[in-house]
Amino acid sequence: MPQATFTFPAGFLWGAATSSHQVEGNNRNNDWWAWEEQPGRIIHAHRSGLACDWWGGRWREDFDRARETGQNAHRLSVEWSRIQPAPDRWDEDALERYRAMLRGLYERGMTPMVTLHHFANPLWVAERGGWENDETPVLFAAFVQKTVEALQEYCTMWITINEPNVYTFMSYVSGLFPPGKTDLRAGMKVYANLLKGHVLAYRIIHNLQREARVGVAHASRPIIPAGPLTWLDSIPANITNSFFNEAFPKALMTGKLQVLNFSAHVPEAIGTQDFFGVNYYTQELVKFDLTRASDAFGRRFYPKDAELSTTGFIAHQPEGFFKVLKWAKGFGLPVIVTENGVEDADDHLRPRYLVEHLHQVWRAVNFNWPIKGYFHWSLVDNFEWERGWTQRFGLWGLDVDTQQRIRRPSVDLYAAICKQNGISSEMVEKYAPGSLLKLFPPA
Ligand code: GAL
């Protein structure tokens with residue numbers, strides 16, 4: 001068997017990604033907490049509850065775990081509803097806690113990346129119509145100003161908005177996220193307001209901090225015509241790709257957010273991205289289906305032979321990752337993988353998912369594409385939105401009742417990769433033998 005190591009560039013960022021509502025616990029003052037209280041919204045009536053108890057201080061032990069296992073970076077989000085619990089009130093203690101968390105990363109030699117909006121809104125913002133209200137970008141900008149002023153000592157890498165496409169789709173098209181609307185018109189308004197909020201935030205951050213690098217975490221999920229009538233299947237594929245994958249990043253180049261016959265002109269958006277954040281989990285096939293008008297006349301599905309995650313949510317499709325990285329580098333910016341991972345409670349797929357996806361990143365850096373880091377979703381199992389606790393994305397498992405962390409084999413695999421800044425054939429043989437021939441084929 002050939003022995004080899006796929007080495008990554010010096011200074012590559014290796015970390016995990018988390019978000020405030022999913023890990024902090026007791027986030028009672030936001031729209032997600034209220035949503036969880038409504039019957040039927042969350043599978044099995046699960047609740048975020050204490051989550052991973054980071055607000056109670058368990059971020060310390062989890063950051064220790066990350067550092068001890070070779071991670072040199074961490075992406076977390078701050079909770080708008082904690083920092084600004086009411087329109088006329090700032091909570092300095094909350095800001096102090098976030099400062100302590102970032103200092104905690106700094107002291108552990110880890111580079112922080114902070115997300116300013118990760119799906120949840122303060123209740124008072126939701127009550128004013130959320131992102132449908134044209135004032136919300138300005139309210140968001142005030143929050144960003146206050147927050148970045150307080151945290152800039154410890155952070156220079158910022159994500160303004162996590163997955164504007166997923167937020168818009170889930171909250172205003174499928175209705176699975178609050179406010180649960182199925183109203184494309186409202187969705188388009190929200191999409192445009194997220195863009196405006198991003199632009200204001202981008203400028204504010206740069207005014208405060210010259211060395212700041214600011215981006216968006218773009219959820220990227222290729223939709224491929226299934227064939228054999230590819231021309232027909234291309235109709236739903238093109239519509240969905242344009243709405244979901246392309247509209248927002250293109251608007252940051254052209255100043256125009258365009259989806260079908262909807263367009264919003266935001267010329268100030270041009271060039272408001274210092275790096276391209278990629279969240280990649282999987283890709284899908286689509287077939288034209290006349291009965292599915294609300295799904296752009298498409299039925300989406302995974303290839304029959306694809307290996308699926310525990311609940312069937314994600315198909316193992318590493319080749320889609322390479323395509324996405326190629327597309328992302330076309331924007332002419334450094335690329336950072338801001339999320340990638342799989343829900344896999346018993347860790348039977350994650351080791352192979354991890355090495356095969358990182359292998360695609362390695363292939364990409366070998367073309368000299370400027371990929372600067374990788375954040376695995378996630379460090380510890382956390383509250384997975386409308387899917388509650390049924391999906392386990394953590395390197396570490398979590399016993400929600402006892403707060404006990406469970407070390408999955410993937411922890412040691414990822415630690416070996418981070419520490420060596422590379423993937424060796426020995427590691428793959430030990431932790432993901434099923435991927436060995438694929439990654440290191442015999443000559
Ligand atoms: C992303 C989201 C994360 C996490 C992940 C796994 O869309 O940004 O918060 O939930 O999916 O489902």
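Just so we're clear, the structure is a prediction, and the values are computed from it rather than from any experiment.

Observations regarding the site of the ligand
Then, number 1: For the ligand, the full set of nearby residues is Q22, H118, F119, N162, E163, Y281, E339, W377, E384, W385, R387 and F393.
Then, number 2: Within the contact set of the ligand, an oxygen atom lies 2.8 Å away from a side-chain nitrogen or oxygen of H118.
Then, number 3: Note that an oxygen atom of the ligand is positioned 3.0 Å from one of the side-chain N or O atoms of W385.
Then, number 4: When the ligand is considered free in solution it has 310 Å² of accessible area, and contact with the protein chains removes 93% of it.

Examining the state of the cysteines
Then, number 1: All chains considered together, the criterion is met by 0 disulfides.
Then, number 2: With no disulfide of its own, C155 has C418 as its nearest cysteine by sulfur position, at a separation of 19 Å.
Then, number 3: The exposure class of C155 is buried, given its relative accessible area of 2%.

Some points on helix α11 (residues 318-329)
Then, number 1: If you check α11, its first and last C-alpha atoms are 17 Å apart, about what 12 residues at 1.5 Å a residue would give, namely 16 Å.
Then, number 2: Within α11, the full set of buried residues consists of P318, G320, F321, F322, V324, L325 and A328.

As for the pairing of strand β11 (residues 284-288)
Then, number 1: As judged from the 3 bridges shared by strand β7 (residues 223-225) and β11, these two strands associate in the parallel manner. By the bridge assignment, P225 is partnered in β11 with V286.

Looking at helix α8 (residues 164-172)
Then, number 1: Summarising burial for α8: 8 of the 9 residues are buried, a large majority.
Then, number 2: Every buried residue of α8 is accounted for by P164, N165, V166, Y167, T168, M170, S171 and Y172.
Then, number 3: Buried positions along α8 lie against β4 (111-117), β5 (157-162), α9 (184-208), β6 (213-219) and α10 (230-254).

Some remarks on the nonpolar core
Across soluble globular proteins, you tend to see nonpolar side chains buried next to one another.
Then, number 1: If you look at the biggest cluster of nonpolar residues, it comprises 118 residues, and the most contacted ones within it are L116 and W158.
Then, number 2: No other element matches the 12 residues that α9 contributes to this core.
Then, number 3: Sequence-distant contacts of L116, defined by excluding residues within four places in its chain, comprise V78, F140, F143, V144, T147, V148, W158, I159, T160 and I205.
Then, number 4: Listed in part, the 17 residues of the second largest apolar core include M113, M157, V342 and F375.

Some details on the sheet that holds strand β2 (residues 13-17)
Then, number 1: Within the closed barrel, the 8 strands sit side by side as β2-β3-β4-β5-β6-β10-β13-β14. Their pairing is parallel. With strand direction ignored, the average angle separating the axes of adjacent strands in the sheet is 25 degrees.
Then, number 2: Alignment of β4 against β5, held across 4 bridges, turns out to be parallel. Its bridge partner lying in β5, H117 is registered against I161.
Then, number 3: Along the sheet, helix α7 (residues 136-151) contacts β4 and β5; its crossing angle with β4, the most-contacted strand, is approximately 160 degrees.

Description of the packing of helix α5 (residues 92-107) against α7
Then, number 1: Packing of α5 against α7 leaves a shortest axis separation of 9 Å and a crossing angle of 45 degrees. Comparing the axis directions of α5 and α7 gives the class oblique. Between α5 and α7 lies a crossing of right-handed hand. Of the residues in α7, those in contact with E92, L95, Y98, R99 and L102 of α5 are K146, T147, A150 and L151.
Then, number 2: Tallied by class, the residues present in the contact of α5 with α7 amount to 5 nonpolar, 1 polar and 3 charged.

Re the pattern of salt bridges
Then, number 1: Evaluated as defined, the whole model comprises 31 salt bridges.
Then, number 2: For K438, the salt bridge identified is with E356, shortest N-O distance 2.7 Å. Placement of the pair is K438 in helix α15 (residues 436-439) and E356 in helix α12 (residues 350-366), with a sequence separation of 82 residues.
Then, number 3: Residue E356 is classed as buried on the basis of its relative accessible area of 6%.
Then, number 4: Ionic pairing is found between D412 and R407, a salt bridge with its closest N-O pair at 2.8 Å.
Then, number 5: The exposure class of D412 is partly exposed, given its relative accessible area of 28%.
Then, number 6: Bridged by salt links that share partners, the residues D53, R58, E61, D62, R65 and R405 form one connected network.

Some remarks on the pairing of strand β3 (residues 73-77)
Then, number 1: Taken across its 5 residues, β3 has 5 buried, putting it largely inside the fold.
Then, number 2: Covered by surrounding structure in β3 are A73, R75 and S77 together with H74 and L76, the residues of both alternating faces.
Then, number 3: Taken together, the 3 bridges between β2 and β3 define a ladder with parallel strand orientation. Note on β3: the bridge partner recorded for A16 is H74.
Then, number 4: Across 5 bridges, β3 lies against β4 in parallel orientation. Across the sheet, the residue bridging to R75 is M113, located in β4.

Some points on the environment of P236
Then, number 1: Mapped onto the fold, P236 is located in helix α10.
Then, number 2: Between the C-alpha atom of P236 and that of H316, which follows or precedes it by 80 residues, the distance is 22 Å.
Then, number 3: If near-sequence neighbours (up to four positions away) are discounted, P236 is found in contact with V286, K287, F288, A296, F297 and G298.

How each quantity is defined
- For every chain, the first residue of the written sequence is number 1, and numbering continues from 1 onward in sequence order.
- Owing to the predicted nature of the model, reporting of local features is limited to residues with pLDDT of at least 70; listing and counting of side-chain atom pairs is limited to 80 or more, with chain, interface and lining totals taken over all residues.
- Working from all heavy atoms in the structure, the side-chain values ignore hydrogens and water.
- Any residue with at least one heavy atom within 4 Å of a molecule or strand is counted as near it.
- Think of a polar contact as two N or O atoms within 3.5 Å of one another; within protein, one of them needs to be a possible hydrogen donor and the other a possible acceptor, and neighboring residues in sequence only count if both atoms come from side chains.
- Residue burial considers only the protein chains on display, and all accessible areas are found by Shrake-Rupley using a 1.4 Å probe.
- Two cysteine sulfur atoms make up a disulfide if the distance between them is within 2.5 Å.
- Here's how the labels work: a residue is buried when its accessible area is under 20% of the maximum for its type, exposed when over 50%, partly exposed in between, all with a 1.4 Å probe on protein chains only.
- What counts as a helix is a DSSP run of H or I of at least four residues, what counts as a strand is a run of E of at least two, and both are numbered from the N terminus.
- Expected span of a helix, by definition, is 1.5 Å for each gap between consecutive residues, and there is one gap fewer than residues.
- Here, any two strands with at least 2 DSSP bridges between them count as paired.
- Note on definitions: a residue-residue contact is assigned when non-hydrogen atoms from the two residues lie within 4.5 Å.
- In this text, buried Ala, Val, Leu, Ile, Met, Phe, Trp, Tyr and Cys residues form a nonpolar core when linked through side-chain atoms within 4.5 Å.
- All axes are obtained by fitting lines to C-alpha atoms, using only the stretch in contact for helices, and the reported angles, taken between N-to-C directions, cover 0 to 180 degrees.
- Note on terminology: angles under 35 degrees are roughly parallel, angles over 145 are roughly antiparallel, angles of 65 to 115 are roughly perpendicular, and the others are oblique.
- Left-handed describes a crossing whose near helix is turned anticlockwise from the far helix by less than a right angle; the clockwise case is right-handed.
- Any residue outside Ala, Val, Leu, Ile, Met, Phe, Trp, Tyr, Cys, Pro, Asp, Glu, Lys and Arg is labelled polar, Gly included; the first ten of those are nonpolar and the last four are charged.
- A carboxyl oxygen of Asp or Glu within 4 Å of a side-chain nitrogen of Lys or Arg is what we treat as a salt bridge.

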